[in-house]
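# Summary of the model geometry
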Amino acid sequence: MTTKLGYSALRRFTTTHLLPKVCLVALTLPFLASATTSMVVARENENANAPYEIGLWGDLPYSDAQEVGVTRLIDDMNSQKLSFTVHNGDLKAGSNSLCDNALYTKALGYFNALEAPAAFTPGDNDWTDCDRPSNGGFNSLERLDYERLVFFSTNFSLGQRRLAQEVPTAQMCLGVNGAVPCIENRRWTVGRVTYATLNIQGSCNNLCDTAPNSTEYTARNAANIAWMKETFRVAKENNSAAVMLISQANPGWDQTDQTRAPLRDPKTLVQTDGQPDGFKDFLLALRDQAIAFRKPIAYVHGDSHYFRIDKPFLDVQGRRIENFTRVETFGNNAANGTNDVQWVKVSVDPRSREVFSYQPQIIPSNRVAVPAP
């Protein structure tokens, strides 16, 4: 059930419940006591190859009906003893819904109602689109600053159990008052798998829509590329069995999906639909890293609200990059209420060849077209 705590109480909850119960690789965080670090390392060494399960969701809720569905989704996740969960952005609809402070307080309540550690990466509906008149005409950078305060003020995840995360310290992104660290980007390791979130946005990655901001995009894009490259470096140094990256935007991968994503030449990765391209440079860098890493890579996103698992990434010769898998989570289907208020369970086994296996979780009480048996 969703918590009813007010914002102040939720902030106290966020900063005091810091005891993760999953097996984590210890991160070098100066404020962690050495005894705690030693304990976590010992547990991880014993269980590095143990399989576990995680939950992925995003682009929810977009309506009152979906808010009800999300409480059922949270209950369903809580029933499955997950190691952690990740919401890949978009906490509300992009039009005719306000980006007021109450939005983020409500979302914080959802995340802290999850028993497992809960990670989150922002979505365009949360900040870049907040300058739309129908969203309240906010300054989008101010809204991102506020998200950083609400969701990212510590080096730990959200959720009732907490997961230690690496956080950037270089001031590579922008806030209302100038350069700031991109603290919404996170990295953590569970078992022998490295995970990272990246603040990559739909709506052309802030290069189009009501008030595009190319200066903000340029800074954040450089920061995202640096964080992604560093993530692969860390994964190699740790001998990780796989990497999972999570962001909001569907960047478009080829010419096949014009109803849901930008069209681009899959060999050159140049966008071909005439719209501003906020993704090419990142995709080029990601392709190089994916080929060099060789081991399994999962790239998780939302944005286009169409559950799928496929392999759309090609090399410069047009050959499928075999170790790369795209995972798009379920998302809003406002016309059908809770029809797509579902989540994806990922089984992670570092000992297996592909490491990740996926199972959509269709919550019986959220079924619309076909009632549960």
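Residues numbered from 1 in each chain as written. Predicted model: local features only at pLDDT ≥ 70, side-chain atom pairs only at ≥ 80, totals over all residues. Heavy atoms only, no water.

## Considering the sheet that holds strand S12 (residues 343–348)
Definition in use: Two strands form a pair only when DSSP identifies at least two bridges running between them. To qualify as a helix, a DSSP run of H or I must reach at least 4 residues; to qualify as a strand, a run of E must reach at least 2; elements of each kind are numbered from the N terminus. Angles shown run from 0 to 180 degrees and are taken between the N-to-C directions of axes, each axis being a line fitted to C-alpha atoms and, for helices, limited to the stretch in contact.
Taken in spatial order, the 5 strands of this open sheet run S3-S2-S1-S12-S13, and their pairing is mixed. Every interior strand has two partners, whereas the edge strands, strand S3 (118–120) and strand S13 (356–361), have only one. Strand-to-strand, the axes of this sheet are offset by a mean angle of 25°, without reference to chain direction. Sheet topology note: the strand S1 (residues 52–57)/strand S2 (residues 84–87) ladder contains 4 bridges and is parallel.

## Describing the sheet that holds strand S10 (residues 308–310)
Quick reminder of the rule: Residues are treated as being in contact if the distance between any of their heavy atoms lies within 4.5 Å.
Strand order across the open sheet formed by 6 strands is S6-S7-S8-S9-S11-S10, with mixed pairing between neighbours. Single-partner strands in this sheet number two, and they are strand S6 (187–190) and S10. Between one strand axis and the next, the sheet turns through 15° on average, direction left out of account. Relative to strand S9 (residues 297–301), strand S8 (residues 242–246) runs parallel, the two being bridged by 4 bridges. What sits directly across from Met-244, in S9, is Ala-298. The strands that helix H7 (residues 214–237) touches are S6, strand S7 (193–197), S8 and S9; relative to S8, the one it contacts most, it runs at about 160°. Against the sheet, helix H8 (residues 280–293) makes contact with S8, S9 and strand S11 (324–328), and its axis sits at roughly 150° relative to S9, the strand it touches most.

## Considering the pattern of salt bridges
Opposite charge on two side chains permits them to pair, given that their charged atoms come into close proximity. Condition: By definition here, a salt bridge exists when the distance from a side-chain nitrogen of Lys or Arg to a carboxyl oxygen of Asp or Glu is within 4 Å. When accessible area is computed with a 1.4 Å probe and restricted to protein chains, residues below 20% of their type maximum are described as buried, those above 50% as exposed, and intermediate ones as partly exposed.
Inspection of the entire model under this criterion finds 18 salt bridges. Taking the shortest distance from any N to any O, the salt bridge between Glu-184 and Arg-148 comes out at 2.8 Å. Of this pair, Glu-184 sits in the loop between strand S5 (178–180) and S6 while Arg-148 sits in helix H5 (residues 140–151), and the two are 36 residues apart along the sequence. For Arg-148, a relative accessible area of 5% puts it in the buried group.

## Regarding the packing of helix H4 (residues 101–113) against H5
The cut-off we apply is this: Any angle from 65 to 115 degrees is called roughly perpendicular, while one under 35 is roughly parallel, one over 145 is roughly antiparallel, and all others are oblique. Crossing handedness follows the turn of the near helix against the far one: under a right angle anticlockwise gives a left-handed crossing, and clockwise gives a right-handed one. Side-chain classes are defined by residue name, with Ala, Val, Leu, Ile, Met, Phe, Trp, Tyr, Cys and Pro counting as nonpolar, Asp, Glu, Lys and Arg as charged, and the others, Gly among them, as polar.
In the contact formed by H4 and H5, the axes pass within 11 Å of each other and the chain directions differ by 30°. Taken as axis vectors, H4 and H5 run roughly parallel relative to one another. H4 and H5 meet at a crossing whose hand is right-handed. Side by side, H4 and H5 meet where Asn-101, Tyr-104, Ala-107, Leu-108 and Phe-111 of the first sit next to Arg-143, Tyr-146, Glu-147, Val-150 and Phe-151 of the second. Tallied by class, the residues present in the contact of H4 with H5 amount to 7 nonpolar, 1 polar and 2 charged.

## Overview of the state of the cysteines
For clarity, the cut-off: Pairs of cysteine sulfur atoms within 2.5 Å are identified as disulfides in what follows.
Using the criterion set out here, one finds 3 disulfides in the structure. For Cys-173, the disulfide goes to Cys-182, at an S-S distance of 2.1 Å. Note on the Cys-173 and Cys-182 pair: the S-S dihedral is about 105°, so by sign convention the disulfide is right-handed. Residue Cys-173 shares its accessibility class with Cys-182, and that shared class is buried. Each bonded cysteine of the protein chain gets a number by its place in the sequence, and the pairs then read 1-2, 3-4, 5-6.

## What about the confidence of the model for the protein chain?
We count it as follows: Here pLDDT means the predictor's own confidence in every residue, given as a number from 0 to 100.
Chain-level statistics for the protein chain give a pLDDT mean of 90 and a share of 88% at 70 or above. Overall, residues 1–45 carries pLDDT values under 50, and its contacts beyond four positions in sequence, including any with other chains, amount to 79 contacts.

## Some points on the packing of aromatic side chains
As a reminder, the rule being used: A pair of aromatic rings is counted whenever rings of Phe, Tyr or Trp (Trp by its six-membered ring) have centres within 6.5 Å, and the orientation is called stacked for planes under 30 degrees apart, edge-to-face for over 60 and tilted otherwise. Counting as a charge over the ring demands two things of the Lys NZ or Arg CZ atom: a distance within 6 Å of the ring centre and an angle within 35 degrees of the ring normal.
Scanning the entire structure with this criterion turns up 20 aromatic pairs. Ring geometry for Phe-151 against Phe-152: centres 6.2 Å apart, planes inclined by 70°, an arrangement best described as edge-to-face. Comparing Phe-151 with Phe-152, the two get one shared label, buried. Aromatic ring contacts, followed pair by pair, group Trp-57, Tyr-104, Phe-111, Phe-120, Tyr-146, Phe-151 and Phe-152 into a single cluster. Above the face of the Trp-227 ring, Arg-187 is positioned so that its terminal group lies 3.8 Å from the ring centre.

## Quick word on the side chain of Asp-131
Tracing the sequence through the fold places Asp-131 in the loop between S3 and H5. Not counting residues up to four positions away in its chain, the partners in contact with Asp-131 are Gly-137, Phe-138, Ser-140, Thr-210 and Ala-211.

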